[in-house]
Amino acid sequence: MTSQRTRERLIQRLSDQGIRDHRVLDVIRTTPRHLFLDEAMAHRAYEDVALPIGYQQTLSQPYIVARMTELLLERGTPRRVLEIGTGSGYQTAILAQLVPEVYSVERIKPLLQKARQRMRQLKLRNVHVNHADGSLGWPERGPFDGILAAAAPEYIPEQLLEQLAPGGRLVIPVGGDVQHLHVVDRTHEGFETRVVEAVRFVPLRPGTVR
Ligand code: SAH
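These notes cover the structure that comes with them. (Residues numbered from 1 in each chain as written. Predicted model: local features only at pLDDT ≥ 70, side-chain atom pairs only at ≥ 80, totals over all residues. Heavy atoms only, no water.)

Helix length check: helix α4 (residues 62-73), at 12 residues, gives a terminal C-alpha distance of 16 Å against a target of 16 Å (1.5 Å per residue), a fit within 8%. Counting buried positions over the 12 residues of α4 gives 12, a clear majority of the element. Among the residues making up α4, those that are buried are Pro62, Tyr63, Ile64, Val65, Ala66, Arg67, Met68, Thr69, Glu70, Leu71, Leu72 and Leu73. (Helix = DSSP H or I, 4+ residues; strand = E, 2+ residues; numbered from the N terminus. Expected span 1.5 Å × (residues − 1). Buried < 20%, exposed > 50% of the residue type's maximum accessible area, 1.4 Å probe, protein only.)

The next subject is the nonpolar core. Counting 47 residues, the largest nonpolar core has Leu14 and Ile28 as the members making the most contacts within it. Looking at this core, the elements with two or more residues in it are α1 (4-16), α2 (22-30), β1 (51-54), α4, α5 (90-96), α6 (109-121), β5 (127-131) and β8 (179-186). A per-element tally of this core places α4 first, with eight residues. When residues no more than four places from it in sequence are discounted, the contact partners of Ile28 are Leu10, Ile11, Leu14, Pro62, Ala66, Tyr90 and Ile94. In terms of nonpolar packing, the next biggest core, distinct from the first, is built from 16 residues, Ile84, Tyr103, Ala132 and Leu161 among them. (Core = buried A, V, L, I, M, F, W, Y, C linked by side-chain atoms within 4.5 Å. Contact = heavy atoms within 4.5 Å.)

Moving on to empty space enclosed by the protein. Following the criterion strictly, the structure yields one cavity of 30 Å³ or more and no others. Lining the largest cavity we find Phe36, Leu37, Asp38, Ile53, Ser88, Leu111, Lys114 and Arg118. Ranked by residues supplied to the lining of the largest cavity, first place goes to α6 with three residues. For the lining of the largest cavity, the class distribution of residues is four nonpolar, one polar and three charged. (1 Å grid on protein atoms, 1.4 Å probe; cavity = no way out; pocket = protein on both sides within 12 Å on 5 of 7 lines; lining within 4 Å. Points joined across faces, edges and corners; volume = space filled by probe spheres on them. Nonpolar A, V, L, I, M, F, W, Y, C, P; charged D, E, K, R; others polar.)

Within a sheet, neighbouring strands are paired by backbone hydrogen bonds and run either parallel or antiparallel to one another. Read across the sheet, seven strands follow the order β5-β4-β3-β6-β7-β8-β9 without closing on themselves; strand pairing throughout is mixed. Every other strand in the sheet has two partners, leaving β5 and β9 (191-199) as the edge strands with one partner each. Strand-to-strand twist of the sheet, defined as the mean angle between neighbouring strand axes without regard to direction, takes the value 15°. The pairing of strand β3 (residues 80-84) with strand β4 (residues 101-106) spans five bridges and is classified as parallel. Across the sheet, residue Val81 finds its bridge partner in β4, namely Val102. Along the sheet, α4 contacts β3, β6 (144-149), β7 (164-175), β8 and β9; its crossing angle with β9, the most-contacted strand, is approximately 165°. (Pairing = 2+ DSSP bridges. Axes fitted to C-alpha atoms, helices over the stretch in contact; angles between N-to-C directions.)

Under the defined criterion, the tally for this structure stands at 12 salt bridges. Of the charged contacts in the structure, one is a salt bridge between Arg29 and Asp26, with a shortest N-O distance of 2.8 Å. Note that Arg29 and Asp26 are positioned in helix α2 at a spacing of three residues, about one turn of the helix. With relative accessibility at 24%, the residue Arg29 sits in the partly exposed group. Taken together, the shared-partner salt bridges in this structure form one network comprising Glu74, Arg75, Arg169, Asp185 and Arg194. (Salt bridge = Lys/Arg side-chain N within 4 Å of Asp/Glu carboxyl O.)

Take it as geometry only, folks, not as evidence of what the structure does.
Printed below as a string of structure tokens:
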């Protein structure tokens, strides 16, 4: 079920789709995605699809995890990364193996608790999680060299831009029915935005769920 061959096939597919960063491909190859799913879904873990994790949320498709991670690391390795929308913790685990410190915010408490357990199980000790509304960022822990959002706002929250360090990069899906992945670089003069590709994420919602 989780045979090496199935995983290799996924890596081949990601590389065919244009993922070039070997650091990213290597980490995806060795991270057990099946551990981030309920048993009923685990047999599909190495397909390149988004999968349900409960609470109407999804574990992101490997392609988009790879693409966003590659974009975040494009200009060098950010030291401190903020992730909005921990979900299953899969993207968190990928980041934690590539950058020194990961701060991850999730609004649905039971999802966060499961994700925290998985981080422990995988011995990823450089992950800090917070049950909060991520549209406010994590001001006490900022600024961040990189910010990655796994849920889409209609407009980029001002707080996320404020918590981006100079030289830092934000990777975020933006929109409603139609969404596009945005890459925002903070320069010493201001912000530079690039629109990368059409994507489909769950909406960034306000408030928290206990
Ligand atoms: N990368 C995750 C994706 C989970 S889906 C994974 O692969 O498992 C997106 C997540 O964003 C959901 O868990 C959802 O609850 C969360 N989310 C939505 N709005 C949020 C907000 N304002 N603050 C924090 N998390 C939020």
